[in-house]
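# Summary of structural features
Residues per chain are reported as follows:
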Amino acid sequence: MSWLSRLLAPPLCADPALLRRALEGKTVLLTGASYGIGAALAVRLRQAGARVLLAARSLEQLQALGSHVYALDLRDSASVDQVAAAVLRDHGSVDVVIHNAGKSIRRPLLKALDRPHDFERCMGVNYLGPVRLQLALLPSMIARGGGQIVNVSSVGVRMPPVAQWAAYLASKSAFDHWLGAAVPELRGYGIACTSVYLGLVHTRMSAPTKQYASLPGLSADEAACVLCRALIRRPRSLQPWWLAPVHWLSPVLERPLEWFRF
Ligand SMILES: NC(=O)c1ccc[n+]([C@@H]2O[C@H](COP(=O)([O-])OP(=O)(O)OC[C@H]3O[C@@H](n4cnc5c(N)ncnc54)[C@H](OP(=O)(O)O)[C@@H]3O)[C@@H](O)[C@H]2O)c1
């Protein structure tokens, strides 16, 4: 299976010298830094000379990774406001915000009938919390003269709807759309917006889906490398090579795929 892994997700690591040139001395706020992709990325950002502000709920995990740590629960508006205020107080502004924190739920609709909180939780972590955080930080980024907003997204938002992933993909799509709509306004202020559409990454997020364990995917560190490339090049989007044709074919694929259960 490893050849298939390499074909679907070739390991393209970012040049450390270019990463250092892009980030040295910059202030980078990284959400979801306690585990998985975020923890791997935190190490690479620190090695590149960035001042990395780490945010998540698990403070102990964050403290093991760096010294600028913020306890953040994206589902709690007061927590988001407090973290934004603390970041502005401590650092004045940020150059880069990486919206990496995420919550995924895979559950059949008929098993979620008494679980409306599934949808509320995903919306809180993947959409409403990040929007609230970004709104609070935007004025200082504009005053500073620019920056970058990075959305760590999923290939699923650019594919036909996938059964059982409604709560996760609807909330990831919401933030993707929100950021896309912000692009024209923010461009004039020198703020680049980048959506990175990741395929399967083997982290604690994907681990509960046993079928995924043997599927080709990236490690957390390989996904962190992809994000580093997004920080160097600041493209509007970054995605695996095969996603564009799948996206174009989506209107054709949507109906046939509705007959399959995943
Ligand atoms: N794994 C994949 O296959 C895959 C594929 C495509 C995209 N992605 C995206 O990649 C990003 C990172 O995922 P991962 O695979 O590294 O998952 P992970 O290992 O589960 O890490 C998720 C991170 O989000 C944080 N988080 C969760 N709930 C939070 C909350 N309420 N408030 C603040 N932070 C919260 C967690 O920290 P605490 O628990 O300490 O709060 C953790 O640091 C996510 O946005 C995910 O959607 C993942």
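Residues numbered from 1 in each chain as written. Predicted model: local features only at pLDDT ≥ 70, side-chain atom pairs only at ≥ 80, totals over all residues. Heavy atoms only, no water.

### A word on the packing of helix H5 (residues 77-91) against helix H6 (residues 116-144)
How two helices pack is summed up by the angle between their axes together with the distance between the axes. Two elements in contact, H5 and H6, have axes whose closest approach is 8 Å; the angle formed by their N-to-C orientations is 20°. One element, H5, and the other, H6, form an angle in the roughly parallel class. Here H5 runs over H6; the crossing is right-handed. Along the contact surface, H5 presents Ser77, Val80, Asp81, Ala84, Val87, Leu88 and His91, while H6 presents Gly129, Arg132, Leu133, Ala136, Leu137, Ser140 and Arg144. A breakdown of the residues in the contact of H5 with H6 according to their chemical character gives seven nonpolar, four polar and three charged. (Axes fitted to C-alpha atoms, helices over the stretch in contact; angles between N-to-C directions. Helix = DSSP H or I, 4+ residues; strand = E, 2+ residues; numbered from the N terminus. Parallel < 35°, antiparallel > 145°, perpendicular 65-115°, else oblique. Left-handed = near helix turned anticlockwise from the far one by under 90°. Contact = heavy atoms within 4.5 Å. Nonpolar A, V, L, I, M, F, W, Y, C, P; charged D, E, K, R; others polar.)

### Re the packing of helix H2 (residues 16-23) against helix H8 (residues 220-233)
It is at 9 Å that the axes of H2 and H8 come closest, and there the two elements cross at 55°. Comparing the axis directions of H2 and H8 gives the class oblique. Viewed along their axes, H2 and H8 form a crossing whose handedness is left-handed. Contact residues: Leu18, Leu19, Ala22 and Leu23 in H2; Cys228, Leu231 and Ile232 in H8. Partitioned by chemical class, the residues of the contact of H2 with H8 number seven nonpolar, no polar and no charged.

### Regarding the environment of arginine 132
Tracing the backbone through its elements, the reader meets arginine 132 in helix H6. Under the relative-accessibility criterion, arginine 132 is labelled partly exposed at 36%. Taking C-alpha positions, arginine 132 is 14 Å from alanine 86, a pair spaced 46 residues apart along the chain. The residues contacting arginine 132, other than those within four sequence positions of it, are Ser77, Val80 and Asp81. (Buried < 20%, exposed > 50% of the residue type's maximum accessible area, 1.4 Å probe, protein only.)

### Description of H2
Among the residues of H2, Leu19, Ala22 and Leu23 are the ones counted as buried. Around the axis of H2, the buried residues are gathered within 80° of arc, so they sit on the same side. Check the buried side of H2 and you find it contacts strand E1 (27-31), helix H3 (36-47), strand E4 (96-99) and H8. Its side-chain oxygen at 2.8 Å from the backbone nitrogen of alanine 17, aspartate 15 defines the N-terminal cap of H2. Positive backbone phi, at 80°, marks glycine 25, one or two positions downstream of H2. (Arc of directions from axis to C-beta. Polar contact = N/O pair within 3.5 Å; in protein donor to acceptor, adjacent residues only side chain to side chain.)

### A word on the pattern of salt bridges
Going through the model one piece at a time under the given rule, you end up with eight salt bridges. For glutamate 24, the salt bridge goes to arginine 20, with nearest N and O atoms at 2.7 Å. Taking relative accessible area as the criterion, arginine 20 reaches 34% and is therefore assigned partly exposed. Notably, a salt bridge pairs arginine 89 with aspartate 90, separated by 3.1 Å at the nearest N-O pair. We classify aspartate 90 as partly exposed; its relative accessible area is 40%. Among the charged side chains, a network of salt bridges with common partners joins Arg107, Arg115 and Asp118. (Salt bridge = Lys/Arg side-chain N within 4 Å of Asp/Glu carboxyl O.)

### Side note on empty space enclosed by the protein
In this structure the tally under the stated criterion is two cavities of 30 Å³ or more. Each pocket or cavity is described by its volume, and for the largest cavity that value is around 60 Å³. The wall of the largest cavity is formed by Ile105, Arg107, Leu109, Ala112, Asp118, Phe119, Gln164, Ala166 and Ala167. Taken together, the elements giving at least two residues each to the lining of the largest cavity come down to H6 and helix H7 (166-187). The class makeup of the residues in the lining of the largest cavity is six nonpolar, one polar and two charged. Its volume calculated, the second largest cavity comes out at about 40 Å³. As for the second largest cavity, its lining consists of Thr31, His99, Asn100, Ala101, Val125, Asn126, Pro130, Asn151, Val152, Lys172 and Phe175. Where the lining of the second largest cavity is concerned, the elements lending two or more residues are H6, strand E5 (147-154) and H7. The element that contributes the greatest number of residues to the lining of the second largest cavity is H6, accounting for three residues. Within the lining of the second largest cavity, the residues separate by chemical class into five nonpolar, five polar and one charged. (1 Å grid on protein atoms, 1.4 Å probe; cavity = no way out; pocket = protein on both sides within 12 Å on 5 of 7 lines; lining within 4 Å. Points joined across faces, edges and corners; volume = space filled by probe spheres on them.)

### Focus on a nonpolar patch on the surface
A surface patch of nonpolar side chains, amounting to about 460 Å² of accessible area, comprises Leu109, Leu110, Leu113 and Phe119. Considering the arrangement of structural elements, one finds leucine 110 in the loop between E4 and H6. On the accessibility criterion, leucine 110 (69% relative accessible area) is exposed. (Patch = residues over 30% accessible without salt bridge, like charges linked within 9 Å, V, L, I, M, F, W, Y side chains within 5 Å. Areas by Shrake-Rupley, 256 points an atom, 1.4 Å probe, with all protein chains shown as cover.)

That is the geometry; function is a separate question.
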